[in-house]
Amino acid sequence: MIGIQKLGDVAEFIRDGTHGSPVRVEKGIPVLSAMNVKGGVLNFETDRFTSIDEFESFNRRLPLAAGDLLLTIVGTIGRSAVIDEVRPLVFQRSVAVVRPKHKLLNSRFLFHVTQSRNFQNQLDRAANKSSQAGVYLGKLGDVEVPIPPLEEQRRIAAILDQAETLLTQRRQALAHLDTLTQSLFLDMFGDVERNPKGHPKMSLGSLVKLKSGDFLPASKMAAAGQHPVYGGNGINGLHDSYMFEESKIVIGRVGAYCGCVHVTKPQSWITDNALYLDSVDQACDMVYLAFALTEARLNQYASQSGQPLISGSRISPVPMLVPPLSLQQTFATRIQAIEALKATHRTALAQLDALFASLQQRAFAGEL
């Protein structure tokens, strides 16, 4: 039988980080925020430091201990981690520290509870959304959590920890494959500036024609359409008709995704938030060219007056390496093999995600 209690009733305390702005020093005590709580762990990396005096003041009010749960409560709400290692540091207000009553509540069990849909939904309802999203400590203490017997909590936490480890390994494998593609490109072709392999170098504008997509507001898209609509950040909707039968390379033209490179699916629409490559020189393979454009980091050529913006005229002079076509095609074949492997990992990851969600639901319903 699983009881339900308010978080505040099963915690020794719930406190948040410092509300002021800690005095900044060049080197000293790390100042961490909600940004440091991510992926279920606490990341200690920061470029903000404060003084010993600030730390001592913080530590008197909120002495951290192994087993404390960290929960982000301002901005991005609901990320959590358990403190495994205590170091001198100062948290800002965006992080709440929950110290469980260890005779009632296991820290790892609580961590998994905080990641459950039910807990996240309660946080969402408790959040103040009038300005920057945030959850007051009083409302956080009222959030309800399942409380099975302590031994059962440990058993459930161990099962969910194992499942989470498998998820983490899959995500790491995908991240490694992403790194592998970049390493493969640099190993086969080198960087365009140093050009260590002496490949011919041509301007982008001499290899392709750069054109802007067509205006298509969100209100004119078709939610049930069959053709993807590409903007600066890849697919952003569907439509009933398409502009191109074949795949195109698109480049984000404006805003945060300025310079991002995507390859469209066949029969797609491209909006005027992106440029696309037309009349591509036969000396270029599409897969190679897309990677070469990504390596060129086109956002560095954006205008900086107002929001970032690139145009065809701005990036036409960008130098591109043009290796022998056979070498580009060898690269493309290897990339296709890597992409197939990534697809396998993504499928497995989706299955693991579904399994993990099912385990969570059964665990907190007393059915695991």
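Whatever comes next refers back to the structure up there.
So, here's what we can say about the structure. (Residues numbered from 1 in each chain as written. Predicted model: local features only at pLDDT ≥ 70, side-chain atom pairs only at ≥ 80, totals over all residues. Heavy atoms only, no water.)

Overview of the sheet that holds strand 3 (residues 29-32)
Read from one edge to the other, the open sheet built from three strands follows the order 6-3-9, with strand pairing classed as mixed. In this open sheet, the two strands that pair with only one neighbour each are strand 6 (49-50) and strand 9 (90-91). Two elements, strand 3 and strand 9, share two bridges in a ladder whose sense is parallel. Across the sheet, residue L32 finds its bridge partner in strand 9, namely F91. (Pairing = 2+ DSSP bridges. Helix = DSSP H or I, 4+ residues; strand = E, 2+ residues; numbered from the N terminus.)

Some remarks on the packing of aromatic side chains
Scanning the entire structure with this criterion turns up eight aromatic pairs. Here the guanidinium or amino end of R15 rests over the ring plane of F13, the centre of that ring lying 4.1 Å away. The aromatic ring of F44 is capped on one face by R87, whose charged end is 3.8 Å from the ring centroid. (Phe/Tyr/Trp six-rings, centres within 6.5 Å; stacked < 30°, edge-to-face > 60°. Lys NZ or Arg CZ within 6 Å of the ring centre and 35° of its normal.)

A closer look at the sheet that holds strand 13 (residues 209-212)
Strand order in this open sheet of four strands is 13-19-16-17, and the pairing throughout is antiparallel. Of all strands in the sheet, those with a lone pairing partner are strand 13 and strand 17 (261-263), marking the two edges. When strand polarity is set aside, the average angle formed by the axes of neighbouring strands in this sheet is 30°. (Axes fitted to C-alpha atoms, helices over the stretch in contact; angles between N-to-C directions.)

Observations concerning helix 3 (residues 117-126)
Considered for burial, the residues of helix 3 that qualify are F119, Q122, L123 and A126. Taken down its axis, helix 3 places every buried residue within 100° of arc, on the same side. Exposed residues lying more than 90 degrees from the buried face of helix 3 are R117 and R125. Elements that come into contact with the buried residues of helix 3 comprise strand 7 (69-72), helix 2 (107-114), helix 4 (137-142) and strand 11 (144-147). (Buried < 20%, exposed > 50% of the residue type's maximum accessible area, 1.4 Å probe, protein only. Arc of directions from axis to C-beta. Contact = heavy atoms within 4.5 Å.)

A word on unusual backbone geometry
Negative phi characterises most residues that are not glycine, and trans characterises most peptide bonds. Despite not being glycine, N195 has its phi angle at roughly 45°, a positive value. Its location among the elements puts N195 in the loop between helix 5 (150-189) and strand 12 (201-203). Here N195 falls in the buried class, since its relative accessible area comes to 15%. We note that R297 has phi near 50°; this positive angle belongs to a residue other than glycine. Within the fold, R297 resides in the loop between helix 7 (286-295) and helix 8 (312-315). On the basis of relative accessibility, which here comes to 48%, the residue R297 falls in the partly exposed class.

A word on the environment of Y230
Along the polypeptide, Y230 turns up in strand 14 (residues 227-231). Considered as a pair, Y230 and G67 are 163 residues apart in the sequence and their alpha carbons are 46 Å apart. In contact with Y230, not counting residues within four places along its chain, are I235, N236, V263, T264, K265, S268, W269, I270 and T271. Side-chain polar atoms of Y230 contact the backbone nitrogen of K265, separated by 3.0 Å. (Polar contact = N/O pair within 3.5 Å; in protein donor to acceptor, adjacent residues only side chain to side chain.)

A closer look at the nonpolar core
Core analysis: the biggest nonpolar cluster contains 37 residues, and L7, F119, L140 and V145 have the highest contact counts within it. Contributions of two or more residues to this core are made by strand 2 (11-16), strand 7, strand 10 (95-100), helix 2, helix 3, strand 11, helix 5 and helix 9 (325-364). Apart from the residues lying within four places of it in its own chain, the contact partners of V145 are G3, I4, Q5, L7, V10, L110, V113 and F119. Of all hydrophobic cores here, the second largest spans 33 residues; its members include L177, L184, C258 and I310. (Core = buried A, V, L, I, M, F, W, Y, C linked by side-chain atoms within 4.5 Å.)

Focus on the side chain of Q122
Looking at the secondary structure, you find Q122 in helix 3. Beyond its immediate chain neighbours, meaning those up to four positions away, Q122 contacts V143 and E144.

Concerning the pattern of salt bridges
Applying the stated criterion across every chain yields a total of 15 salt bridges. In this structure, D353 engages R171 in a salt bridge whose closest nitrogen and oxygen atoms are separated by 3.5 Å. In this pair, D353 sits in helix 9 while R171 sits in helix 5, placing the two residues 182 residues apart along the sequence. For R194, the salt bridge identified is with D191, shortest N-O distance 3.0 Å. A relative accessible area of 61% means that R194 is categorised as exposed. D191 sits in the partly exposed class, given a relative accessible area of 24%. In this structure, a network of salt bridges that share partners links the residues K211, E246, K248 and D278. (Salt bridge = Lys/Arg side-chain N within 4 Å of Asp/Glu carboxyl O.)

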